[in-house]
Amino acid sequence: MASISVSATCLSLPQSQARSRTQKPSPRKNPNPKIKPKKLNTKFQSLSLSSPSPSSASSLGTQATTYTRLPPKEDFHFPSLNDSDEIKLSESDVAKRDSDNDSSEIEAEMLDTDDDDDEEEEEEEEEEEEEMGFRDETDDGEILGYYNGDGSLDFDEEGEEEVYYYDSDGKLVNLLENEVDDLGLEVKEKGVPAVMRCFDRAKIYVKAGDGGNGVVAFRREKYVPLGGPSGGDGGRGGNVYLEVNGAMNSLLPFRNCMHYRAGRGAHGQGRMMCGRKGEDVVVKVAPGTVVREAGSDDVLLELLYPGQRALLLPGGRGGRGNASFKSGNNKVPKIAENGEEGPEMWLELELKLVADVGIVGAPNAGKSTLLSVISAAQPEIANYPFTTLLPNLGVVSFDYDSTMVVADLPGLLEGAHRGFGLGHEFLRHTERCSALVHVVDGSGQQPELEFDAVRLELEMFSPEIAEKPFIVAYNKMDLPEAYENWPSFKEKLQGRGIKTFCMSAVKREGTHEVISTAYKLLQETKKSNEGLEGFQDRIDLNYVADMVQRQRSSSISEFEITRDSSCSTWYVTGAGLQRFVQMTNWRYMDSEKRFQHVLEACGVYRSLMKLGVKEGDTVIVGEMEMVWHDSAENSGAPNMKKRSTESIKWPQLK
Ligand SMILES: Nc1nc2c(ncn2[C@@H]2O[C@H](COP(=O)(O)OP(=O)(O)OP(=O)(O)O)[C@@H](O)[C@H]2O)c(=O)[nH]1
Ligand SMILES: [Mg+2]
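Residues numbered from 1 in each chain as written. Chains lettered and ligands numbered in written order. Predicted model: local features only at pLDDT ≥ 70, side-chain atom pairs only at ≥ 80, totals over all residues. Heavy atoms only, no water.

Asks: Please clarify how the overall build of the protein chain should be interpreted in this entry.
Replies: When its secondary structure is counted, the protein chain shows 17 helices and 25 strands. Here the protein chain, with 654 residues, has 53% of them falling under the buried criterion. A separation of at least 24 residues holds for 71% of the contacts in the protein chain among residues at least 6 apart in sequence. When the accessible surface of the protein chain is totalled, it reaches about 31200 Å², and 47% of it is carbon and sulfur. (Helix = DSSP H or I, 4+ residues; strand = E, 2+ residues; numbered from the N terminus. Buried < 20%, exposed > 50% of the residue type's maximum accessible area, 1.4 Å probe, protein only. Contact = heavy atoms within 4.5 Å. Areas by Shrake-Rupley, 256 points an atom, 1.4 Å probe, with all protein chains shown as cover.)

Written as structure tokens, this is what we have:
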């Protein structure tokens, strides 16, 4: 972009009035139009996490604790059992059920309702929802799907093929044609309850506070003639922080609240009074939360340890009052700035639990039983698959100094890496584990096959997880079939160089050996990773804010000019210029003059002239739309205006 000198040229605002082209974004009627507050899932309203405030995943050495409490079982649909094909570990208890009947049987167990009651309840629900306008219906009155209070979708059982949602433009879109949900939550299996979808993923909106406006004021006081300008600056907008709260172990709280806005700075006042700073907002996340900007794969932050706090978005700068514009040449400045707008962002949060050891295995193998025996955690234990729907954490204490956090994960099925069952949803929680305990149900007919199938799933899901050190715990030794199979199982696995232990979790036999071996593995891994430890601590957690700040304060003379020849419109774009336009308060007389002056000083005029701007062309700078007037020969007024600004030296832009 070359520049040429421009002598008598200026941009004047149409009808001598600057008008905002794209006015401040109007407050959204619905910030996420897709989220249509439909069916409030009141069943989950009462859900509360156990609050392990004194002890947390990180506060090792404290009492062992269960962190996750599931809602009562009747609150769930049973996700994958509807499809009996999904249960493929043929020898497990799961498969022992008659494949035709099992889904209905199990559902009946889980839901514990009979058909008549169901119908009545459904009718009541329909009435209730229709009253509250919760349903989406086609013209024929067919019900397509539901929306939860948090905007997530619940599927209508019969509307499987026809589930719709509203996209950001308010259009009705077929969900199945658009597999990925724009909310950032991938569409998971049909019928997976929201409590599971939201356990470890969330999408939130954060906005730093706008700066307060500066004001124009003059000192008027008895015996103080010509008191001078006294307009104070606006206050800074509040910042947005992310902080790790050790008491949290899921992202479920973000179901209820997804918008976080810091307060705006107060406006300046006369008598040189500056505005108050806006209130900061602190978004609390669970240890192990990974933060990305929505729609991007790049990780912005990984927040692992309780107490870590990252400044994510800095608040907007307060606008300067007229006292700040006083100079030797301009002792009566009638100009003040708007506060700078605070940056905003949609964030995707993903939780990867911070546990030292992960317990994996097929459904019903006894994983939760093991956790309940080795720690004070009290996960739900029952003789059917998928008792555990969300990971459970427990702290195993050997003595004061040696403790470790163990995670019990939902069972894995063959095909889990492709999405069968539940376990794959939570497999990523093992990514941060240093070692794994693989529990095998010894009472199954072919425990080796079960073992291999689960190992294969781990490998398919992530080779990194499969490479983690692990031990095998052959469970249910108190049952005769397990006892009989043990020698051959042990021989085969030890032949492959795999450490294998037998135990009876229920009888608490052999469990100590298993867990102390896991602890040794953990220590060994920690030793080998010693160099890497503390790497996280060295990362500057505020770097995102620094980046935003650098971007915001980019030079005003860095701009780009593009032309739309069809309507002879010129677009001048640049972060610095945009910010300058946004902060210009057109209510004050001198603002326009300063605006012209700055555009000329930073070379916008020269560049436009060189590119061939003509009389009457539209020039758009940031949010302002203006009309170009060539020179004094064509019109006298602009030239006069320009001359009047020539003598004034404006303070440098900060
Ligand atoms: N006989 C016997 N039964 C056991 C033993 N360990 C667990 N069980 C039983 O096996 C069933 C399943 O136990 P859970 O601990 O819920 O199994 P899980 O692996 O957590 O199952 P999911 O959460 O569904 O994946 C329960 O009925 C337990 O009582 C054991 O050592 N011996
Ligand atoms: Mg379990």
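Asks: How should the site of ligand 1 be read in this particular structure?
Replies: The local shell around ligand 1 holds 23 residues, among which Lys367, Ser368, Thr369, Phe386 and Thr388 are the closest. One of the backbone N or O atoms of Ala382 is found 3.4 Å from an oxygen atom in ligand 1. Backbone polar atom of Thr387 to an oxygen atom of ligand 1: 2.8 Å apart, as the coordinates give it. In isolation ligand 1 offers 650 Å² of accessible surface; the protein chains occlude 90% of this area. (Near = heavy atom within 4 Å. Polar contact = N/O pair within 3.5 Å; in protein donor to acceptor, adjacent residues only side chain to side chain.)

Asks: So what exactly am I meant to see when it comes to the coordination of the magnesium ion (ligand 2) here?
Replies: With distances of 1.9 to 2.0 Å, the protein atoms coordinating the magnesium ion (ligand 2) are Ser368 (OG) and Thr388 (OG1). Residue Ser368 is located in helix H6 (residues 367–374), and its partner Thr388 is located in the loop between H6 and strand E17 (392–397); the two are separated by 20 residues in the primary sequence. Take Ser368 and Thr388: they sit in the same class, and that class is buried. (Donors = N, O, S within 2.8 Å, 3.2 Å for Na, K, Ca; no water.)

Asks: Would you take a moment to explain the sheet that holds strand E8 (residues 201–207) for this structure?
Replies: Strand pairing within a sheet occurs via backbone hydrogen bonds; the two strands may be parallel or antiparallel. Taken together, 5 strands build an open sheet; the order of strands is E10-E8-E15-E12-E13 and the sheet is mixed. Since the sheet does not close on itself, it has two edges, and those belong to strand E10 (259–261) and strand E13 (299–303), each with one partner. The sheet shows a mean angle of 25° between the axes of neighbouring strands, taken without regard to direction. The strands touched by helix H13 (residues 543–552) are E13 and strand E15 (344–351); relative to E13, the strand with the most contacts, the crossing angle is about 150°. (Pairing = 2+ DSSP bridges. Axes fitted to C-alpha atoms, helices over the stretch in contact; angles between N-to-C directions.)

Asks: Looking at this structure, I do not really get helix H11 (residues 511–528). What am I missing?
Replies: Each α-helix winds once per 3.6 residues, and so residues spaced three or four apart point in a common direction. The first and last C-alpha atoms of H11 sit 26 Å apart over 18 residues, in line with the 26 Å expected at 1.5 Å per residue. When we look at burial in H11, the residues that qualify are Thr511, Val514, Ile515, Thr517, Ala518, Tyr519, Leu521, Leu522 and Thr525. (Expected span 1.5 Å × (residues − 1).)

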